Amino acid sequence: MSAPTAPPVPQTPTTPTASAPHLVSWLTRLHRPALSLWTILVLVLGAALLWLRGPVTTGAARGWEQYNACALSGPCRYDQYAILLHKDVYQYATLALLAVPFLVAAWAGGSLIGREMESGTAHLAWTQGISPLRWLAAKLALPAAVVTVGTGVLVLLHPAMWSVGDGRIDTAKPWYGFEIFSAGGPLPVALALAGLAAGALVGLVKRRSLAALGGGLGITGLLWFGVQQALPHLWPKVTRVSSLQEGPKGSGIGVETGLLTSSGDRVGDQGCISGFDPECRAVLDRVDAVGYYTEYHPRSHYWPLQLMASGLLLLVAALLVLAAFRVLHRRTTAPAPARAETAV
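Each value, and the rule that gives it
Residues numbered from 1 in each chain as written. Predicted model: local features only at pLDDT ≥ 70, side-chain atom pairs only at ≥ 80, totals over all residues. Heavy atoms only, no water. Pairing = 2+ DSSP bridges. Helix = DSSP H or I, 4+ residues; strand = E, 2+ residues; numbered from the N terminus. Axes fitted to C-alpha atoms, helices over the stretch in contact; angles between N-to-C directions. pLDDT = per-residue confidence, 0-100. Contact = heavy atoms within 4.5 Å. Parallel < 35°, antiparallel > 145°, perpendicular 65-115°, else oblique. Left-handed = near helix turned anticlockwise from the far one by under 90°. Nonpolar A, V, L, I, M, F, W, Y, C, P; charged D, E, K, R; others polar. Salt bridge = Lys/Arg side-chain N within 4 Å of Asp/Glu carboxyl O. Expected span 1.5 Å × (residues − 1). Buried < 20%, exposed > 50% of the residue type's maximum accessible area, 1.4 Å probe, protein only. Phe/Tyr/Trp six-rings, centres within 6.5 Å; stacked < 30°, edge-to-face > 60°. Patch = residues over 30% accessible without salt bridge, like charges linked within 9 Å, V, L, I, M, F, W, Y side chains within 5 Å. Areas by Shrake-Rupley, 256 points an atom, 1.4 Å probe, with all protein chains shown as cover.

*Asks:* What exactly am I supposed to notice about the sheet that holds strand β3 (residues 266-268) here?
*Replies:* In a beta sheet, neighbouring strands are held together by backbone hydrogen bonds and run either parallel or antiparallel to one another. Taken in spatial order, the 4 strands of this open sheet run β1-β4-β2-β3, and their pairing is antiparallel. The two strands at the open ends of the sheet, each matched to only one other strand, are β1 (238-243) and β3. Neighbour to neighbour, the strand axes of the sheet diverge by 35° on average, direction disregarded. Note that β1 and strand β4 (residues 289-297) share 6 bridges and pair antiparallel. In the strand pairing of β4, Ser243 is matched with Gly291.

*Asks:* Sorry if this is basic, but what is going on with the confidence of the model for the protein chain here?
*Replies:* Detailed reading of the predicted model is not advised wherever pLDDT is low. Summing up the model confidence of the protein chain, the mean pLDDT is 84 and the portion of residues at 70 or higher is 87%. Taken as a whole, residues 9-16 scores under 50 in pLDDT and shows 3 contacts with residues more than four places along the chain or in a different chain.

*Asks:* Could you clarify how one ought to interpret the side chain of Glu116 in this entry?
*Replies:* Its place among the elements puts Glu116 in helix α3 (residues 80-119). If we skip the residues at most four places from it in the chain, Glu116 touches Leu30, Ser111, Thr121, Ala122, Trp135 and Lys139.

*Asks:* Would you mind going over the packing of α3 against helix α7 (residues 187-206) with me for this structure?
*Replies:* Pairs of packed helices are described in terms of their axes, by the angle between the two and the distance that separates them. At their nearest, the axes of α3 and α7 sit 7 Å apart, and the two run at 25° to each other. Viewed along their axes, α3 and α7 adopt a mutual orientation that is roughly parallel. α7 is crossed by α3, and the crossing has right-handed handedness. Packed against α3, whose contacting residues are Pro101, Val104, Ala105, Trp107, Ala108, Gly109, Leu112, Ile113, Gly114 and Met117, the element α7 presents Pro188, Leu191, Ala192, Gly195, Leu196, Gly199, Ala200, Gly203 and Leu204 at the interface. Residue classes in the contact of α3 with α7 are distributed as 14 nonpolar, 5 polar and no charged.

*Asks:* Explain the pattern of salt bridges to me, please; I cannot follow it from the model alone.
*Replies:* Pairs can form between side chains of opposite charge once their charged atoms are near each other. This structure, assessed with the given rule, holds 3 salt bridges. A salt bridge links Arg266 to Glu295, with the shortest nitrogen-to-oxygen separation between them at 2.6 Å. Of the two residues, Arg266 sits in strand β3 while Glu295 sits in strand β4, which places them 29 residues apart along the sequence.

*Asks:* Whenever I open this one, helix α10 (residues 302-332) confuses me. Can you help?
*Replies:* An α-helical turn contains 3.6 residues, so any two residues separated by three or four positions project in the same direction. In a regular helix each residue adds 1.5 Å, so 31 residues correspond to 45 Å; α10 covers 45 Å between its end C-alpha atoms and thus fits that length. Among all positions in α10, only Tyr302, Pro304, Leu305, Gln306, Ala309, Ser310, Leu313, Ala317, Leu320, Ala324 and Leu328 are buried.

*Asks:* Which parts of the structure should I look at to understand the packing of aromatic side chains?
*Replies:* The final tally for this structure, using the stated rule, is 8 aromatic pairs. With centroids separated by 5.5 Å and ring planes inclined at 85°, the aromatic side chains of Trp64 and Tyr67 adopt a geometry described as edge-to-face. Taken as a pair, Trp64 and Tyr67 lie in helix α2 (residues 32-73) at a separation of 3 residues, close to a single helical turn. We classify Trp64 as buried; its relative accessible area is 12%. Owing to a relative accessible area of 37%, Tyr67 belongs among the partly exposed residues under this scheme. For the ring pair Trp175 and Tyr302, a centre distance of 6.3 Å and an interplane angle of 75° mean the geometry is edge-to-face. Residue Trp175 is found in the loop between α5 (132-165) and α6 (178-183), and its partner Tyr302 is found in helix α10; the two are separated by 127 residues along the sequence. We classify Trp175 as buried; its relative accessible area is 9%. Its relative accessible area of 14% is what places Tyr302 among the buried residues. Through a chain of ring-to-ring contacts, three or more aromatic side chains come together here, namely Trp175, Tyr176, Phe181, Tyr302 and Trp303.

*Asks:* Sorry if this is basic, but what is going on with a nonpolar patch on the surface here?
*Replies:* A cluster of nonpolar side chains, Leu312, Leu315, Leu319 and Leu322, forms an exposed patch at the surface whose accessible area comes to about 370 Å². With respect to the secondary-structure elements, Leu319 resides in helix α10. On the basis of relative accessible area, Leu319 is assigned to the exposed category, the value being 51%.

*Asks:* Looking at this structure, how should I read the environment of Val100?
*Replies:* Among the structural elements, Val100 can be located in helix α3. Taking the C-alpha atoms as reference points, Val100 and Val189, separated by 89 residues in sequence, lie 9.1 Å from one another. For Val100, the contacting residues outside a window of four places in its chain are Trp38, Leu41, Leu45 and Thr151.

*Asks:* I keep staring at the pairing of strand β2 (residues 253-261) and nothing clicks. Help me out?
*Replies:* Look at any regular strand and the pattern is simple: side chains alternate between the two faces of the sheet. The pairing of β2 with β4 spans 8 bridges and is classified as antiparallel. Its bridge partner being in β4, Leu260 is matched across the sheet by Gly291. Linkage of β2 to β3, two consecutive antiparallel strands, is achieved through a turn of 4 residues, within which Gly264 is found at a positive phi near 90°.

Pasting the structure below:
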């Protein structure tokens, strides 16, 4: 007689989980219009910066050479159109680059997360084998990679464009100018990632696309203002002392300027920088001023300040992402049912 066979073990039904390639394909199809617009934006801005770096700057530099020759030799013709073209293209391209983090924050709050929560598409995805936390991770990872690459290309082109015109364009802003410093280095990339995280968090909290859009913009604006206020204090500053005849000295990101007294004390800025003016002379004599002091960041502090500010923004972005995951976990985890007490 043959030995009896064991009955088959019943298989526990499992919910299929989406693979990484499936998630990427799904997100690409879902946000194809936004991806197309982002690609167009990066290509147009990149082309404008390359145009500035080449013929636009060359033409404007030639126009300024003609203009300066006119100032020495008398009235003559110069290429005013080339100068104005450089000014306009430069301003619009720089403002567009500085607006990128805010566009990312608005899209993250209004479309990436907020609209999904408002329409119920997110809940539908969670019933198709994609866990809420995996859904959020995919929602943030792919856009973060796209935003980092696109914004990174633009912030590489902007300093290269500015350096070509440095010393050749009379109206060119210095390296420590607000838009020059802010549009170069990793700072815009870090702010864009923080805006992405801020928009996602507000979208999960508000669950309304319009409210999330406004909230993402608001938080990104606060982060931008905060990092600009903290920037001069993120790295040890340099102090330069000068005489009253020389006036305040020190070229860079200014922190503080004031007067030095004969006893070595510091007096805040009195609004006078010239000892030759009788009124200013009286002010300087009243405080017993013997010189000026200037606290500032020279050009050698460019990268330390950029890296410190970017690191601060990335830390805030990481905290915002962590908060987003905690909010989603709490809202998608059902509380354990209370046990009913049995009568004795």
